[in-house]
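Each chain, letter by letter, is given below.
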Amino acid sequence: MSRPRRKAGIRKQADQGKISERLLEFAEPMIDALIEETGDPTEEEFQNLLGICALIWNSQVMEQIGKGSFYVEEAKKVLSSVPGPSNIDSLVEVMLRRKAENFSEDLRHIGHFEVVTDRATGELRVRAEARLEDMLADEH
């Protein structure tokens, strides 16, 4: 009997749009800050920034689906040890709140993603895969 419910859940999450677009929308404040600080980011800088945002997003999803706050606490530890802005702790808190307030219905986990440069336009593009709860391993 769980099969139709699972399909409904997949359909509801698919209605959220592409996960790559959601990641970019979620990361917008940090992208803006990066551009303001450094100008146009390189592919590597953009990849690193989105990696931070995906980590924050995923840790919040794990908390939202009832896996506990372990993932949020681990994300905070990891990000506090990464070279970056001195106010990383407050940025993490802002982004966790942003996920909870603006993207709470999107419970997809951001899986593999990559930033690539479009050869024709020179624009940076993002490709990402989404995973649903039953595809996530409980790693702790």
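Analysis parameters
- Residues numbered from 1 in each chain as written.
- Predicted model: local features only at pLDDT ≥ 70, side-chain atom pairs only at ≥ 80, totals over all residues.
- Heavy atoms only, no water.
- Salt bridge = Lys/Arg side-chain N within 4 Å of Asp/Glu carboxyl O.
- Helix = DSSP H or I, 4+ residues; strand = E, 2+ residues; numbered from the N terminus.
- Phe/Tyr/Trp six-rings, centres within 6.5 Å; stacked < 30°, edge-to-face > 60°.
- Buried < 20%, exposed > 50% of the residue type's maximum accessible area, 1.4 Å probe, protein only.
- Lys NZ or Arg CZ within 6 Å of the ring centre and 35° of its normal.
- Pairing = 2+ DSSP bridges.
- Core = buried A, V, L, I, M, F, W, Y, C linked by side-chain atoms within 4.5 Å.
- Contact = heavy atoms within 4.5 Å.
- Patch = residues over 30% accessible without salt bridge, like charges linked within 9 Å, V, L, I, M, F, W, Y side chains within 5 Å.
- Areas by Shrake-Rupley, 256 points an atom, 1.4 Å probe, with all protein chains shown as cover.
- Lys, Arg positive; Asp, Glu negative; His and termini not counted.
- Charge placed at Lys NZ, Arg CZ, Asp CG, Glu CD.
- pLDDT = per-residue confidence, 0-100.

### Some points on the pattern of salt bridges
Overall, the coordinates contain ten salt bridges when judged by the stated rule. Between arginine 22 and glutamate 25 there is a salt bridge; the shortest N-O distance is 4.0 Å. Taken as a pair, arginine 22 and glutamate 25 lie in helix α2 (residues 19–38) at a separation of three residues, close to a single helical turn. A cluster of three or more residues bridged by salt bridges with shared partners is formed by Arg22, Glu25, Asp106 and Arg108.

### Re the packing of aromatic side chains
In total, this model carries four aromatic pairs according to the counting rule given. Ring centres of phenylalanine 26 and phenylalanine 103 lie 5.7 Å apart, and the angle between their planes is 90 degrees; on these two criteria the pair is classed as edge-to-face. Of this pair, phenylalanine 26 sits in helix α2 while phenylalanine 103 sits in the loop between α5 (88–102) and β1 (109–117), placing them 77 residues apart in sequence. The same class applies to phenylalanine 26 and to phenylalanine 103, which are both buried. Here phenylalanine 70 and tyrosine 71 contribute two aromatic rings whose centre-to-centre distance is 5.3 Å and whose plane-to-plane angle is 85 degrees, an arrangement assigned as edge-to-face. We classify phenylalanine 70 as partly exposed; its relative accessible area is 36%. In this structure an aromatic cluster arises from ring pairing among Phe26, Trp57 and Phe103. Directly above the ring of tryptophan 57 sits lysine 99, whose terminal nitrogen or CZ lies 4.4 Å from the centroid.

### Focus: the pairing of strand β2 (residues 124–131)
On any regular strand, side chains alternate: one points to one face of the sheet, the next to the other face. Two elements, β1 and β2, share seven bridges in a ladder whose sense is antiparallel. Across the sheet, histidine 109 pairs through a bridge with arginine 131, a residue of β2. Counting the residues in the hairpin turn of β1 and β2 gives six residues, including glycine 122, whose phi is positive at 80 degrees.

### Here's the deal with the nonpolar core
Soluble globular proteins tend to pack their nonpolar side chains together in the buried interior. One finds Leu23, Phe26, Leu50, Cys53, Ile56, Trp57 and Ile110 to be the most contacted residues of the largest nonpolar core, which totals 30 residues. Every element with two or more residues in this core is listed here: α2, α3 (43–64), α4 (70–80), α5 and β1. It is α3 that contributes the most residues to this core, ten residues altogether. Beyond its immediate chain neighbours, meaning those up to four positions away, isoleucine 56 contacts Phe26, Leu79, Val92, Met95 and Leu96.

### What about a negative patch on the surface?
A surface patch of like charges, here negative, comprises Glu28, Asp32, Glu36 and Glu37. Positionally, glutamate 37 belongs in helix α2. The class for glutamate 37 is exposed, based on a relative accessible area of 66%.

### What to know about the confidence of the model for the protein chain
On average, residues of the protein chain score 82 in pLDDT, and 80% of them reach the 70 mark or higher. Here helix α1 (residues 2–14) is the element of the protein chain with the lowest mean pLDDT, 48, and β1 is the one with the highest, 93. Considering only residues more than four positions removed or in separate chains, one finds that residues 1–10, a stretch of pLDDT under 50, has three contacts.

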